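Listed below are the residues making up each chain.
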Amino acid sequence: MDKKITIVTADDHPMLLKGLTEELTANSYNVIGQATNGIQALELILKLQPDIALLDIDMPILTGFEVIKMAREKGAKTKFVILSFHKESYYIVQAKAFQIDGYLLKEDTFFEIEHCINEVLNGNVYFSKSIDDHPLQNASEELKRLNLLTLSEIKILKLIAQEISNQEIADTLSVSIRTIEKHRSNIIEKLSLKKGNNVLTNWALLNRNVILSQ
């Protein structure tokens with residue numbers, strides 16, 4: 001593959017960013033921009049329109065996920081690859097929900113990074129071989145359950161994730177609070193959540209990014 005593809009890298013750890021950029025450059029990749037926070041990354045992506053953006057998740061101002069969401073909303077055609085320490089199900093669910101092109105771990109070798117770049121440029125989705133099957137399967141199951149919800153239930157779940165009360169949701173949708181409570185009960189059942197006080201609210205807050213991406 002022609003390595004003259006354009007890449008933007010973003011990480012709030014200067015040494016990690018420097019090392020990644022130098023490794024890419026040494027292997028003939030064209031790194032056209034570097035960012036140390038989310039807003040810088042977003043600005044570079046929108047301005048330079050790179051073929052690939054390699055982003056950390058935990059960055060100041062905007063997370064890697066937020067950068068991806070906002071860049072796509074503004075029409076960016078860049079392929080997005082997350083490069084993170086996180087391999088827990090929670091992060092994998094978010095990555096799948098945002099339909100991210102690639103997800104790598106910072107423990108991966110450069111060979112793995114290069115393989116991922118090649119895969120996503122060929123239109124494939126690539127997750128690090130270092131990620132166990134269990135988190136990937138859990139992520140797929142979480143998204144399948146979300147797909148069981150109706151449009152009305154998704155709308156209500158999004159409002160719950162924004163910490164809006166039942167009464168405010170009822171007023172916003174011009175329905176009774178009893179209707180909202182019935183919807184909440186149905187959502188809990190479809191998501192296979194254990195019944196209890198505030199269980200849906202707590203789940204919605206924990207999975208806010210996934211929900212708001214729907």
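The structure contained in this document is the topic of the report that follows. Position numbers for residues count from 1 along each chain, tracking the sequence in the order it is written. Only residues with pLDDT of at least 70 are given local features in this predicted model, and only at 80 or more are side-chain atom pairs given and counted; all residues enter the totals for whole chains, interfaces and linings. Hydrogens and waters are ignored; side-chain quantities use all the structure's heavy atoms.

## Here we look at the overall build of the chain
Reasoning step 1: Counting its regular elements, the chain contains 11 helices and 6 strands.
Reasoning step 2: By principal-axis analysis of the C-alpha atoms, the chain measures approximately 60 × 35 × 30 Å.
Reasoning step 3: Summary of the burial criterion: residues with accessible area below 20% of their type's maximum are buried, those above 50% are exposed, and those between are partly exposed, where the area comes from a 1.4 Å probe applied to protein chains only. Burial statistics for the chain: of 214 residues in total, 45% are counted as buried.
Reasoning step 4: Whether two residues are in contact is decided by their heavy atoms, any of which lying within 4.5 Å being enough. Here the analysis covers contacts within the chain between residues at least 6 apart in sequence; of these, 63% occur between residues at least 24 apart.
Reasoning step 5: Only four residue types enter the charge count, namely Lys and Arg as positive and Asp and Glu as negative; His and the chain termini do not. Lysine's charge is taken at NZ, arginine's at CZ, aspartate's at CG and glutamate's at CD. Side-chain charges of the chain comprise 24 positive and 28 negative groups, with the mean position of each set lying 7 Å from the other. Starting at the N terminus, helices and strands are each numbered in turn, a helix being any DSSP run of H or I of at least four residues and a strand any DSSP run of E of at least two.

## Section: the pairing of strand S5 (residues 102-105)
Reasoning step 1: Alternating residues of S5 divide into Gly102 and Leu104 and Tyr103 and Leu105, and every residue in both groups is buried.
Reasoning step 2: A pair of strands is labelled paired if DSSP reports no fewer than 2 bridges between them. Inspection of the sheet shows strand S4 (residues 79-84) paired to S5 by 4 bridges, in the parallel sense. For Ile82, the partnering residue across the bridge sits in S5 and is Tyr103.
Reasoning step 3: When the strands point away from the viewer and the connection leading from the first strand across the helix to the second strand turns clockwise, the crossover is called right-handed. Of the crossover connections in this fold, the one passing from S4 over helix H4 (residues 89-97) to the parallel S5 is right-handed.
Reasoning step 4: Traced from S5 through helix H5 (residues 110-121) to strand S6 (residues 126-127), the parallel crossover comes out left-handed.

## Thoughts on helix H7 (residues 151-161)
Reasoning step 1: Looking at H7, one finds that the buried residues are Glu153, Ile154, Ile156, Leu157, Leu159, Ile160 and Ala161.
Reasoning step 2: Downstream of H7 by one or two residues, Glu163 has phi in the positive range, about 60°.

## A look at the nonpolar core
One recurring pattern in soluble globular proteins: nonpolar side chains tend to sit buried together.
Reasoning step 1: To form a nonpolar core, buried Ala, Val, Leu, Ile, Met, Phe, Trp, Tyr and Cys residues must be joined to one another through side-chain atoms within 4.5 Å. The biggest cluster of nonpolar side chains holds 27 residues, and the ones touching the most others in it are Ile45, Leu55, Phe65, Val67, Ile82 and Tyr103.
Reasoning step 2: Those elements giving two or more residues to this core turn out to be strand S1 (6-10), helix H2 (38-48), strand S3 (52-55), helix H3 (64-73), S4, H4 and S5.
Reasoning step 3: Leave out the neighbours within four places in its chain, and Val67 touches Gly38, Ala41, Leu42, Ile45, Leu55, Met59 and Leu62.
Reasoning step 4: Residues Leu146, Ile154, Ala170 and Ile180 belong to the second largest nonpolar core, which totals 22 residues.

## Looking at the pairing of S1
Reasoning step 1: When you tally the buried positions in S1, you get 5 out of 5 residues, the bulk of the element.
Reasoning step 2: Burial along S1 is two-sided: Thr6, Val8 and Ala10 and Ile7 and Thr9, pointing in opposite directions, are all buried.
Reasoning step 3: Relative to strand S2 (residues 30-35), S1 runs parallel, the two being bridged by 5 bridges. Counted as the bridge partner of Ala10 is Ala35 from S2.
Reasoning step 4: Between the parallel pair S1 and S2, the chain is carried across by helix H1 (residues 14-26), and the sense of this crossover is right-handed.
Reasoning step 5: Inspection of the sheet shows S1 paired to S3 by 4 bridges, in the parallel sense. The residue bridging Ala10 from the neighbouring strand is Leu55, located in S3.

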